Structures are given as structure tokens and as C-alpha cells.
Amino acid sequence: MSRSTKSCGLVAGCLAAVLMMLFGGKAVSQEPVAPPKVTATSVFVMNADTGQVLYAKSPHKVFRILSLTKLVTAYILVDQMGDRLSETVTIDRPHLTGGSSAGLKRLDVWTLQDLLYGMVLVSGNDASLAIADHVGHDLLARENKRGDSMKRFVEEMRSTAKALGAENAQFADPYGLSPANVATARDMGLIAAGVFTDSRLLPAWACTERTLQIDGKTRRTVTLKTSLEILAEDGVLGAKTGSHFSKGIFNLVTAWRAPNGQTIVGVVLGSTSNAARYDEMQAIMAALPQEFPPLAKPPAEDTPQDNGPACR
């Protein structure tokens, strides 16, 4: 049995078991309702702490998810290498690709922690590839196997998504360029529930800017700044977009703290524009406490207050 299978049994598997029990109707106290009017084709909003589905609109329609893929890549990184993020990766040609970039250069030396920031803050495809290559090699070594590190990592993506309850999620690469990277809004909600309640990842999502010292052939300082405007909203824990501007694909996953302190995750797939996806998520965030009054009730005064993670 691989370490992944064991860890999923302890972390992702437990979450999936709870969520599937809740979705089976044993603990959900209210049926999901239609979200506020949106252009998005699919919407899925759930309470990540209780498993209650709050809003749903065509939640089982399969979509191309693009860079939302990186939620799974980030989750696997901390699940498999969480105590080893100081390990370094020497960047080579296979890690360099087109699209969004964290600015990796051949023969750079990045830590896994810095690659995580490169993937989370600026959605670096190059950072995603470097992470997948390193983790894939590590998985093969643990299993005493030879093989393609990228293929091994993608296998891990599929098994991890399934363990989180995302039955329709499919992956062909770790960053989302392939049209074969698909999932439903419900799948992405379940994945987000795992990602945005993982204390190992929350500090990275909380960052809007990070300055890194890069070693290797071209030593330099790199400053990464997020373009995710919704991170400025009160209570937002993290967010990830998946976009293909020329094809008009605009997806967004967001997690936030409700007024009662619980973690809510929201997914909109297929919004009609970049601005629309943000407007629609903000409308959902504003409407929830009105339609689900328990979310609006502040925690008791003697309840420890969690103001969200600090960037580190």
C-alpha cells in the first residue's frame, strides 16, 4: 500500500467518508437551493465544516477545469512532502512551459515551498511541473519502481481526487493545460473542502505577495504578486481561477469564513467573463447569511476566534 493510500485513509479518505455520509441525507438539514442569478453554467456551494450543500446549479455537468487543477497539485504536495518543503529542485527544460509562469529559469534552484508559492500566487505552470516531477520521482523511489515521474504524479492526482469524493474528476497534467483535465462543480467543491481546510496549505493561500531568494545559475530576488482580486474581501481564505480567455472559459473556486466562523467553499464554472465570475461569487457570499440564517450568527463570545491564516 502506498503512502498516498495510507494518508488518504487518514486525511482525504476520512473527509470523503464524512462528506458522502452527509450527502446521503443522514446529516443534511436543508436541501440546496438555487443560487442568486448568475451567468455561470454550474454552481456548487457547501459548508466545508458540516458537509451541507447550500447552493447548487447543474452541479454534475462536466467542465474543463484548467488551472483549478492546481488545487489538487498543491494538496498532493503537502500530503506527500509536508515536512520536506525545504527540499530543493534544480529546474531543467522539462519544467519550462508556456502559459502562466512563476519565472523559472533553467538551472535555477527553488525550494518546494517557493514552488508552492509560485503555483498558488501566480498560477505558474512551470512551478506545477517542477513540483509534479519532484514528487513523482519521490513516489516512485518509495515504491522501489522505475517509471515516468509525471505519469506517476498524475496517477496520484486521480486517486487523491477520488479519495476526496470527486468521482468525475480526470487529469492528464498537473497544471490544467490539457482538455482532458475535467471535473464537475460538485467535484471541485469536494476538492476545495479538502484543500481549504488543510492547515498546512492555508498560509500559502493567504498570501497576496511573496518575495523569494532564488539560487542556482541565475541568483536573484523574485517577487510574486497575486491577481486574484477577491482575496481582498473580508473573510476570504483563498481562491483559484481556471481561465481560457480566447475560448471564453471563466471558472472560480473560493473559500471564506462565514460570520459564524464556519468555512464555506464556492465553485462557479462557465461564467461569461472574468468580471462576471468575481461578481457572481461575491453575490453568493452576500446572499448566503440571509438564506441560511445559522451562518449569520456570530460565534459565542467565549469561542476562540480564528481570524484566518497568516501569510508565511
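In case you missed it, the structure is sitting above this.
Residues numbered from 1 in each chain as written. Predicted model: local features only at pLDDT ≥ 70, side-chain atom pairs only at ≥ 80, totals over all residues. Heavy atoms only, no water.

Caption draft 1: Just the pattern of salt bridges, in detail. Inspection of the entire model under this criterion finds 11 salt bridges. Taken together, the shared-partner salt bridges connect Arg84, Glu87, Asp138 and Arg142 into one network. (Salt bridge = Lys/Arg side-chain N within 4 Å of Asp/Glu carboxyl O.)

Caption draft 2: Highlighting the sheet that holds strand E1 (residues 42-47). The five strands are arranged E2-E1-E11-E10-E9 in an open sheet whose pairing can be described as antiparallel. What marks the edges here is a single partner per strand, and that holds for strand E2 (53-57) and strand E9 (236-244). Strand-to-strand, the axes of this sheet are offset by a mean angle of 5 degrees, without reference to chain direction. The pairing of E9 with strand E10 (residues 249-257) spans eight bridges and is antiparallel. In the strand pairing of E10, glycine 238 is matched with alanine 255. Lying over the sheet, helix H9 (residues 274-291) contacts E1, E2, E9, E10 and strand E11 (263-271), oriented at roughly 35 degrees with respect to E10. (Pairing = 2+ DSSP bridges. Helix = DSSP H or I, 4+ residues; strand = E, 2+ residues; numbered from the N terminus. Axes fitted to C-alpha atoms, helices over the stretch in contact; angles between N-to-C directions. Contact = heavy atoms within 4.5 Å.)

Caption draft 3: Quick peek at the sheet that holds strand E4 (residues 88-90). With antiparallel pairing, four strands are arranged side by side in an open sheet as E4-E5-E7-E8. Two strands bound the open sheet, and with one partner strand each, they are E4 and strand E8 (220-225). With direction set aside, neighbouring strand axes in the sheet form an average angle of 35 degrees. Looking at chain direction, strand E7 (residues 209-216) and E8 are connected through six bridges and run antiparallel. When the sheet's bridge partners are listed, threonine 211 is paired in E8 with threonine 223. Of the strands in this sheet, E4, strand E5 (108-111), E7 and E8 are in contact with helix H4 (residues 112-122), which crosses E5 at around 85 degrees.

Caption draft 4: Expanded view of the packing of aromatic side chains. Applying the stated criterion across every chain, the model contains three aromatic pairs. Considering the side-chain rings of tyrosine 55 and phenylalanine 292, the 5.8 Å spacing of their centres and the 70 degrees angle between planes classify their relative orientation as edge-to-face. With tyrosine 55 in strand E2 and phenylalanine 292 in the segment after H9, this residue pair connects regions lying 237 residues apart in the sequence. Judged by relative accessible area, which is 0%, tyrosine 55 ranks as buried. By relative accessible area, phenylalanine 292 is classed as buried at 2%. Directly above the ring of phenylalanine 63 sits lysine 61, whose terminal nitrogen or CZ lies 5.8 Å from the centroid. (Phe/Tyr/Trp six-rings, centres within 6.5 Å; stacked < 30°, edge-to-face > 60°. Buried < 20%, exposed > 50% of the residue type's maximum accessible area, 1.4 Å probe, protein only. Lys NZ or Arg CZ within 6 Å of the ring centre and 35° of its normal.)

Caption draft 5: Up close: the pairing of E11. Within E11, nine of the nine residues are buried, which leaves the element mostly enclosed by the surrounding structure. Where E10 and E11 come together, seven bridges link them in antiparallel fashion. Paired with alanine 255 across the two strands is valine 265, which belongs to E11. Linkage of E10 to E11, two consecutive antiparallel strands, is achieved through a turn of five residues, within which glycine 261 is found at a positive phi near 95 degrees.

Caption draft 6: Layout of the packing of helix H3 (residues 70-81) against helix H6 (residues 149-163). Where H3 meets H6, the axes come as close as 10 Å, and the angle between the chain directions of the two elements is 95 degrees. In terms of axis orientation, H3 runs roughly perpendicular to H6. Touching Val72, Thr73, Tyr75, Ile76 and Gln80 of H3 are Phe153, Glu156, Met157 and Thr160, all from H6. Looking at the contact of H3 with H6 residue by residue, the classes come out as five nonpolar, three polar and one charged. (Parallel < 35°, antiparallel > 145°, perpendicular 65-115°, else oblique. Nonpolar A, V, L, I, M, F, W, Y, C, P; charged D, E, K, R; others polar.)

Caption draft 7: Spatial organisation of the nonpolar core. With 66 residues, the main nonpolar core has Leu115, Met188, Ile191 and Phe196 as its most contacted residues. A per-element tally of this core places H3 first, with eight residues. With residues up to four places along the chain from it excluded, the contact list for leucine 115 reads Val89, Leu104, Trp110, Ala127, Ala130 and Ile131. Ile264, Val268, Met281 and Phe292 belong to the second largest nonpolar core, which has 24 residues in total. (Core = buried A, V, L, I, M, F, W, Y, C linked by side-chain atoms within 4.5 Å.)

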